[in-house]
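Results of the structural survey
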Amino acid sequence: MDINEKIKKLARGEITTLPGVYIFIDKKGDILYIGKAKNLRSRVKSYFNRLEELRENRSEAIFQMVNKINQIKIFQTDSEIEAILLEEVPEVIGVENLP
C-alpha cells in the first residue's frame, strides 16, 4: 500500500479539526513522533499531502518517518494550550515509550 492510500485509510474523515496531540506509531508499536496542532486534521494530513516536497526540499528524515507510520493516535483537547502541555508531558495520556 503506498503512503497516500495509507493516510486515506488512517485519516479518512476520522480526525477532528479541533486542537490536540497526534502520535505517529510504526509497525512494531514504537512511537515515531508526538506533535501538537491547532487543527489536527490539517496538521496530520500536511505530512502526507507534501510527501514528495518533503523528500525533495526539506528533510529526508521526515520523509523516512512518514513512510514508517503504521498507526496514528489522536488526542483531542479543549485548547491549543492543553495540546502544548500534553505534547510536553505525554505521560499524562499514557505515552511512555518515547523515541
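Attention in this report is confined to the structure presented alongside it. These numbers come from a predicted model, not from an experiment.

On to the overall build of the protein chain. What the protein chain contains, in helices and strands, is five helices and three strands. If you list the helices and strands of the protein chain from N to C, you get α-β-β-α-α-α-β-α. Counting contacts in the protein chain only where the partners sit at least 6 residues apart, residues at least 24 apart contribute 60% of the total. Accessible surface for the protein chain amounts to roughly 6200 Å². Of this, 46% is attributable to carbon and sulfur atoms.

Here we take up the side chain of S46. Mapped onto the elements, S46 comes out in helix α2 (residues 40–49). Under the relative-accessibility criterion, S46 is labelled buried at 15%. Of the polar contacts made by the side chain of S46, one reaches the backbone oxygen of R43; its length is 2.6 Å.

So, on to the packing of aromatic side chains. Taken as a whole, this structure holds six aromatic pairs when the rule is applied. Through a chain of ring-to-ring contacts, three or more aromatic side chains come together here, namely Y22, F24, Y33 and Y47.

Among the seven residues of strand β2 (residues 31–37), five are classified as buried, and the element is accordingly described as predominantly covered. Relative to β2, strand β1 (residues 20–25) is paired through six bridges, and the arrangement is antiparallel. Note that in β2 the partner of V21 across the bridge is K36.

Conventions and cut-offs
Residues numbered from 1 in each chain as written. Predicted model: local features only at pLDDT ≥ 70, side-chain atom pairs only at ≥ 80, totals over all residues. Heavy atoms only, no water. Helix = DSSP H or I, 4+ residues; strand = E, 2+ residues; numbered from the N terminus. Contact = heavy atoms within 4.5 Å. Areas by Shrake-Rupley, 256 points an atom, 1.4 Å probe, with all protein chains shown as cover. Buried < 20%, exposed > 50% of the residue type's maximum accessible area, 1.4 Å probe, protein only. Polar contact = N/O pair within 3.5 Å; in protein donor to acceptor, adjacent residues only side chain to side chain. Phe/Tyr/Trp six-rings, centres within 6.5 Å; stacked < 30°, edge-to-face > 60°. Pairing = 2+ DSSP bridges.

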